[in-house]
Amino acid sequence: MMMGDVPTHVLTTPLVGRTSELDELSRMVGLSRSGSTGTGGLVLLSGDAGVGKTRLLTELRAAAERAGWRTLVGHCLDFGDSALPYLPFTEILGRLAQESPSFVADISEAHPAVRHLLPGQRLLFGQDAAVAQDVERTELFQTVLAVFEEFAEPAPVLVILEDLHWADQSTRDLLGLLFQRQFTGPVSVVASYRSDDLHRRHPLRAAVAQWSRMPGVQRLLLGPLSNRSVRTLVRSIHQGTPSEAELKAIVTRAEGNAFFAEELVVASELGGSSLPDDLASLLMLRVDQLGDDARQVVRAASCAGRQVSHEMLAAVAGLDRTRLEGALRDAVDSNVLVPTENSYAFRHALLAEAVYDDLLPGERVRIHAAYVDALCRHAASGTAAELARHARAAHDVLTAVRASIEAGDDAMAVGGPDDAARHYENALELLGNPAHREDLAEFDLVTLTSRASDALIASGDPHRAMQLVAEQLEGLDPDAPAVDRARLLVTLAAASLMADSDIDVLALTTEALSLVGQEPTALRARVLSVHARANSVRERVDEALRWATEAVALGLEFDLPQVVLDAATTLARLQERAGDPEASRRTFERIIAQARADGDLSGELRGLHHLGALHYELGRLDEAAEAYAEASQRAVEADRPWTPYGLDARVMAAVTAFDAGRWDDVLRICDVSGEAPPGLAEAALAAVALEVFAGRGETGALDSLARIRPWWQRDGLIAILSGAGAIGLYGNAGDIEAVLRIHDEVVSSVRDLWQVKTFLAQVRLGALVIGHLADHVSEVGAAEREALLRRGDDLLAAGREAVARAESRGRTVGPEGQAWTARAEAEHLRLRWRSGIDTPTEEDLLTAWQASVAGFEAFRHEHELARSRARLATLLRTTGHTAEAREQADLAREVAHRLRAQPLLEELRAAGSAPQRHEAHDVALTPREREILALVAEGRSNGEIAKQLFISVKTVSVHVSNILAKLGASGRTEAVALARRQGLLA
C-alpha cells in the first residue's frame, strides 16, 4: 500500500549515484534486502534543495512496498505564518480515510481525537480554553502514536514526512513526541528537510539538535552527487547526445545537485546557456529575504564570481566596517555566502550566476568599475585576468586591453592556452573597434595576432586560429609595412599546416618570402622554415630540401633553435621519402632529444609524432605505439593535451591499438569523459572508437555519426576513420545504399579538402565497400548484380589509380597500403565469383586471398587478418580443401572471440554451416531441379519460378534448398557459379 502522491518528474528521473545512501537509509529503517525488519527506525534525512532527497525517498518507499511494508507519506508546504497545524499528518489520515475507510472508522471510534486531523473535519481549538487545548494536544499526540502502531499490526509501516523546514510548530512538537516515545511495533519514520534553509534563527534548527540527542534517532546527510554520477544523470535525461564540452559545463555548473543538472539540461536543449527563469527565481528567493546591506554585499560579491576576498569586498561594497560585518553575518546565516579562509564563497555557483544576472546594467558597470579601481590602486590583491574582466565590464577599454594581453601572457607561461587565447581575442576585439584605434595605437596588432594564433593552436583549435589571422590580414591597413604583412602571412601559413584546409599554403609562404627580401633576418629564417614545409606537403621534394637547408643555416646564424629544429624535422621527413628510413629515424631521435633539452615542446611533439608515423608506415606497430603514446603523454604533462601534434599522436595511438587488436585500449584512449575537448579532438577520437563499434557490430554507435559528420569538411582523417566505421556498421546491417553513399561522401569531402584527385585511403575504403557488395550480391536479381559489379569495378580502378599516382610522386606504398591493395583485389574477385558474372578461376581466388592474408600478416592488422582468413577459409572449404580451411577458420575464430568481433563470428558460423562442396561427378540433380536451377541462373525469384512452372512457391523453395545442399553452396548465386563450373548449366 502506498499513501501520498509523488510528482511525475520525480518518478521519471533515474536514480543515479545513490546506491550506498539507499542501502544505508534502508538499514536505518530496518529494511534489509530480504525485507526483514527489527522494531523500526527513526531517521532525519537532510540535504540541500534539489540534491535528491525526494528521489531517494521514492526509491526507499518502492523498496518497502516490494517487501510487503505499508507506507504513509505526508508533506509540509510553504504557507508562511498561515500554515495549517499538523498538515503532513492530516494528509496521511486523509489518504487513509480514502483508501482504508474501515480502518479510519475503527480508529476514530477508539480514539475520537483523530477526527481533529481528518480533512474537512478539522476543529480549531477554543481560543479561550488554554487548559482544554493542552489536554487535547496530549490526547492528539497519543492518538497519532496509536494510529501508526495499529496500522503496523498486519505489516511493518514506513512513515515519510517531507520538507520539515516548512513545518509549523505543532507538527514539530508532534514529531518530537514520536521521536521521544518511539514505537513498540514495527514503525519506521523518515523526516526530511533542506539543510541549506536552516539559518541560525530557523526554528527547526534547535529542534533537529534536540532530536538528534534522543536515543534511536539517526541522521543521514545527503551530499552532492559525484561528477561521474551527474554525468550519468545528464546523459540519461538529455534528449540528444551532448558533446563532452557541453556535458562538462553542465556537470561543473550543477556542482552535484541533481535538480540543477536537470534544469541546465533543459536549458541546453533549448539552445540557451543562461539560467532558466524558474531556476533563477528559485535561487533568488533566499537573497530576496536578506536585509538591504546584505543584498548590497551579495550583489557586489556576484561580480567577482564564485568567491571573493574579504579585503576586496571591503573595498567595493561601499559600507563601513560595522555595516559590512553585519551584512556578511546576515548573508552567512542565511546560507547565501559561506566563509572560507579570509574570503567568502557563494553556497552554490549557480546562486552567484543568478544574483549577477539580476543586476541592473548601470549597477553592474558601477560595481565592476569599483573592482577596477581597487585593483589598480592595490587596495586588494588580484590577477591580470581579474582586472581584464572587470575592466571590460566597466567599459575601461585601455585598461582592459593592457590587462588582457598580460593575462594571456601569464596563461601561456603556466600552460593555459585556452585561457590565453580567450584573453588575446578579447584584446583583439577591443583593438578592432575603430572608435578605440587612436587611443590604443601603442599596441602591436600583428604581434598580438601571432600570440593569439599560437594560443589557439596550442589549445587544439587551429581552424579558429586560421580564421582569426585571415580576418586580421584582410583588415590590414594597405599602407602597413611589408614586414607586417609577411608576419601575418607566415602566421596564417603555419596555422594552416596544422589543420586540413583549402588554403593554398604554398602561395602564402611564397608571397611572404618575396616580402621579406633576400636580406638575412630572423623573420626570413622563420618564413623559410614554413615555406619548406609547404613545399614538402605539395610533394616538391627538391624545393623543400633547398628551403629547409637554408632555414637551418639561417636559424643557426640568428640563434633560433625552434626554427632549426622545425626545418631539421622537415629534412628528416624528406630522408624517409628518399628511401632511407633508418637515417630518418636517427635524425628524429636527435631532434627529439635536442627539443627536450631546449624546452621546445612543439618541436619535441612534432618529432615524436613523425617518429611514430615513420614506424607506422614501416609496419612497426609496437614502436609506433610507443612514440605516439609518449607524444600524447608529454602534451598532457604540459597541460596542452589538444595541441595538434599531441592530439594527432593520441588519435594515432588509438589507430595503432585498433590495428594491433587492442580494442579495449582503443576505447580507453578515445574516452574523453571529464576532459571537455574542443570539437575537433572529440570528433577525431570518436571516429576511431566508431571502428571498434563497427568491428563488434554495435549498430547503436551510428548515433554518434551525426556529431562527427560536420567535421568531414574540416579534417580528412576524421572523414576517413569514421567513414570506415560507418561503412562497416551499415554493411553489417545490409544497407548497401548507405554503404555506397557514405563512401562517396567521404571521398568527395577528402578530395575537396586536400585538393587532390586521389588519395591512398581510397584503397582501404574501396576494399571495405567491395567486401560488402560481395556479401550482398547473391541476394539480388540479375540486373542489380550487374550494377553492383560495375560499382565494384569502379572502386577497384579508383584504388589502383590512387596507388599509381602515389608511386609516380615518389611515395613508397608501405605494408599497410600493400595489404589493402591485395585485399581490394581479393574482394573484387569474390564479388565476381558470388555474382556469377565473369567468374574467376578457383586458382585465382585462392591466390588473391592468400595474398591478402600475407599482406595483413606483414602489417599485423589483427582484425583484417582474421577477416581475410575467414574468407579464405570459406573459399578453401568450398573448393574441397577441408584441412586448410579448418586451420584458417580456427585462427580467425580465436581473434574474433578475443576482440568480441560479433560480425566476424557470425560470418565464420555461416561459413562453417555450409556443407562441403561435392565434385562434379557426385552431383545428381533431378530434371525438375535442373529446370529450376536454370531459372535461378536467370535471376528469377521463387515466386516467378512458381508461376512459370505452375507449382507452389513452397515447392520451389524445397527444390532450391535441395539444389544448394547437393552443390554445397551457401546461396543461390554461389550455386549458379558452382553449377556452371561443373557443367550443370549451359
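Before reading on, note that the structure itself is shown above.
Residues numbered from 1 in each chain as written. Predicted model: local features only at pLDDT ≥ 70, side-chain atom pairs only at ≥ 80, totals over all residues. Heavy atoms only, no water.

K.L.:
Looking at this structure, I do not really get the overall build of the chain. What am I missing?
P.N.:
Along the chain, the regular secondary structure elements total 47 helices and 8 strands. In terms of its C-alpha atoms, the chain occupies a principal-axis envelope of roughly 115 × 90 × 45 Å. Every one of the 986 residues in the chain was classed for burial, and the buried ones make up 54%. Restricting to contacts in the chain with at least 6 residues of sequence separation, those with at least 24 account for 68%. Here the chain displays about 43,000 Å² of accessible surface, and carbon together with sulfur accounts for 50% of that area. Taking the 103 positively charged and 141 negatively charged side chains of the chain as two groups, their mean positions are separated by 4 Å. (Helix = DSSP H or I, 4+ residues; strand = E, 2+ residues; numbered from the N terminus. Buried < 20%, exposed > 50% of the residue type's maximum accessible area, 1.4 Å probe, protein only. Contact = heavy atoms within 4.5 Å. Areas by Shrake-Rupley, 256 points an atom, 1.4 Å probe, with all protein chains shown as cover. Lys, Arg positive; Asp, Glu negative; His and termini not counted. Charge placed at Lys NZ, Arg CZ, Asp CG, Glu CD.)

K.L.:
I keep staring at the environment of Ala544 and nothing clicks. Help me out?
P.N.:
By the element assignment, Ala544 lies in helix α26 (residues 541-557). For Ala544, a relative accessible area of 0% corresponds to the buried category. In contact with Ala544, not counting residues within four places along its chain, are Ala532, Asn535, Ser536 and Leu574.

K.L.:
Sorry if this is basic, but what is going on with the pairing of strand β7 (residues 337-340) here?
P.N.:
The side chains of a regular strand alternate, first on one face of the sheet and then on the other. Bridge analysis of β7 against strand β8 (residues 343-346) gives 4 bridges, and the strand direction is antiparallel. Looking at β8, one finds that Leu337 is bridged to Phe346. Between the antiparallel neighbours β7 and β8 lie 2 residues, among them Asn342 with a positive phi of about 60 degrees. (Pairing = 2+ DSSP bridges.)

K.L.:
For this particular structure, what's the right way to read the sheet that holds strand β3 (residues 157-162)?
P.N.:
As a general point, the strands of a sheet are linked pairwise by backbone hydrogen bonds and lie either parallel or antiparallel. A sheet is described by the order of its strands in space; here 5 strands give the open sequence β2-β3-β4-β1-β5, paired in parallel fashion. Of all strands in the sheet, those bounded by a partner on one side alone are β2 (70-75) and β5 (217-221). Across the sheet, the mean angle separating the axes of adjacent strands is 15 degrees when strand polarity is ignored. In this sheet, β5 lies alongside strand β1 (residues 42-47) in parallel orientation, the contact comprising 5 bridges. Opposite Leu45, over in β5, you have Leu220 as the bridge partner. The sheet strands contacting helix α3 (residues 53-66) are β1, β2, β3 and β4 (187-194), and the helix crosses β3 at an angle near 165 degrees. Along the sheet face, helix α4 (residues 87-99) touches β2 and β3 and points at about 135 degrees away from the line of β2. (Axes fitted to C-alpha atoms, helices over the stretch in contact; angles between N-to-C directions.)

K.L.:
Whenever I open this one, the pairing of β4 confuses me. Can you help?
P.N.:
Burial within β4 is extensive, with 8 of its 8 residues counted as buried. Bridge analysis of β1 against β4 gives 6 bridges, and the strand direction is parallel. Residue Val43 lies in a different strand from β4, and its bridge partner there is Val190. Alignment of β3 against β4, held across 5 bridges, turns out to be parallel. The residue bridging Val159 from the neighbouring strand is Val189, located in β4. Regarding the hand of the β-α-β motif, the stretch spanning β3, helix α7 (residues 169-181) and β4 is right-handed. (Right-handed = clockwise from strand over helix to strand, strands pointing away.)

K.L.:
Is there a simple way to think about the packing of aromatic side chains in this case?
P.N.:
Here the distance between the centres and the angle between the planes together describe a pair of aromatic rings. A complete count under the given rule lists 10 aromatic pairs for this structure. For the pair Phe89 and Phe148, a centre-to-centre distance of 6.4 Å together with 35 degrees between the ring planes defines the contact as tilted. Note that Phe89 is positioned in helix α4 and Phe148 in helix α6 (residues 130-151), a separation of 59 residues in sequence. What makes Phe89 buried here is its relative accessible area of 2%. According to the relative accessible area criterion, Phe148 is buried, its value standing at 3%. Through a chain of ring-to-ring contacts, the aromatic side chains of Phe89, Phe148 and Phe183 assemble into a single cluster. Above the face of the Phe151 ring, Arg70 is positioned so that its terminal group lies 3.8 Å from the ring centre. Over the face of the ring belonging to Trp712 we find Arg709, whose NZ or CZ atom lies 4.5 Å from the ring centre. (Phe/Tyr/Trp six-rings, centres within 6.5 Å; stacked < 30°, edge-to-face > 60°. Lys NZ or Arg CZ within 6 Å of the ring centre and 35° of its normal.)

K.L.:
In this structure, what is going on with the nonpolar core? I would like to understand it.
P.N.:
Looking at soluble globular proteins, one finds that nonpolar side chains tend to be buried together. In terms of nonpolar packing, the biggest core is built from 239 residues, with Val298, Leu337, Phe346, Val401 and Ile718 touching the most fellow members. By residue number, the principal contributor to this core is helix α33 (residues 679-695), which donates 12 residues. Excluding its chain neighbours within four sequence positions, the residues that come into contact with Val401 are Ala427, Leu430, Leu431, Leu440 and Phe443. Formed by 46 residues, the second largest nonpolar core is a distinct cluster that contains Leu42, Tyr86, Leu174 and Val189. (Core = buried A, V, L, I, M, F, W, Y, C linked by side-chain atoms within 4.5 Å.)

K.L.:
Looking at this structure, how should I read the sheet that holds β7?
P.N.:
Read from one edge to the other, the open sheet built from 3 strands follows the order β6-β8-β7, with strand pairing classed as antiparallel. Where the open sheet ends on each side, the last strands, each with one partner, are β6 (307-309) and β7. Strand-to-strand twist across the sheet, computed as the mean angle between neighbouring axes with direction ignored, equals 25 degrees. Each of β7 and β8 is contacted by helix α15 (residues 321-333), which is oriented at about 110 degrees to β7, the strand it contacts most.

K.L.:
Honestly, the side chain of Gln472 in this entry has me stumped. Any pointers?
P.N.:
Relative to the elements of secondary structure, Gln472 occurs in helix α22 (residues 462-474). Note on Gln472: relative accessible area 15%, which makes it buried. Apart from residues no more than four positions distant in its own chain, Gln472 is found in contact with Leu428, Leu445, Thr449 and Leu488.

K.L.:
What exactly am I supposed to notice about unusual backbone geometry here?
P.N.:
Excluding glycine, most residues fall at negative phi; most peptide bonds, likewise, are trans. Phi angles above zero are rare outside glycine, and Asp163 is one such case at about 65 degrees. Turning to its location among the elements, Asp163 is positioned in the loop between β3 and α7. Look at Asp163 and you get buried, because its relative accessible area is 17%. Even without glycine at this site, Gln755 takes up a positive phi of about 55 degrees. In this structure, Gln755 sits in the loop between α36 (736-754) and α37 (761-777).

K.L.:
Please clarify how the packing of helix α41 (residues 862-878) against helix α42 (residues 882-899) should be interpreted in this entry.
P.N.:
Between two packed helices, the angle of one axis relative to the other and the distance separating the axes together describe the packing. Direction vectors running N to C along α41 and α42 enclose 150 degrees, while the axes themselves pass 8 Å from each other. Taken together, α41 and α42 sit at an angle that is classed as roughly antiparallel. Handedness of the crossing formed by α41 with α42: left-handed. The residues of α42 that touch α41, namely those facing Glu862, His863, Ala866, Arg869, Ala870, Leu872, Ala873, Leu876 and Arg877, are Thr882, Glu884, Ala885, Gln888, Ala889, Leu891, Ala892, Val895, Arg898 and Leu899. Of the residues that constitute the contact of α41 with α42, the class distribution is 11 nonpolar, 3 polar and 5 charged. (Parallel < 35°, antiparallel > 145°, perpendicular 65-115°, else oblique. Left-handed = near helix turned anticlockwise from the far one by under 90°. Nonpolar A, V, L, I, M, F, W, Y, C, P; charged D, E, K, R; others polar.)

K.L.:
Would you mind showing me how to read the pattern of salt bridges here?
P.N.:
Where charged atoms of side chains with opposite charge meet at close range, the side chains can pair. Scanning the model with the defined rule gives 61 salt bridges in all. We note a salt bridge from Arg662 to Asp665, for which the minimum N-O separation is 3.1 Å. Under the relative-accessibility criterion, Arg662 is labelled partly exposed at 33%. Asp775 is the salt-bridge partner of Arg830, the closest N and O atoms lying 3.0 Å from each other. (Salt bridge = Lys/Arg side-chain N within 4 Å of Asp/Glu carboxyl O.)

K.L.:
Sorry, what's going on with the environment of Ala774 here?
P.N.:
Summarising the element assignment, Ala774 is placed in helix α37. A residue is classified by how much of its surface remains accessible, and Ala774, at 0% relative accessible area, is buried. Taking the C-alpha atoms as reference points, Ala774 and Ala394, separated by 380 residues in sequence, lie 68 Å from one another.

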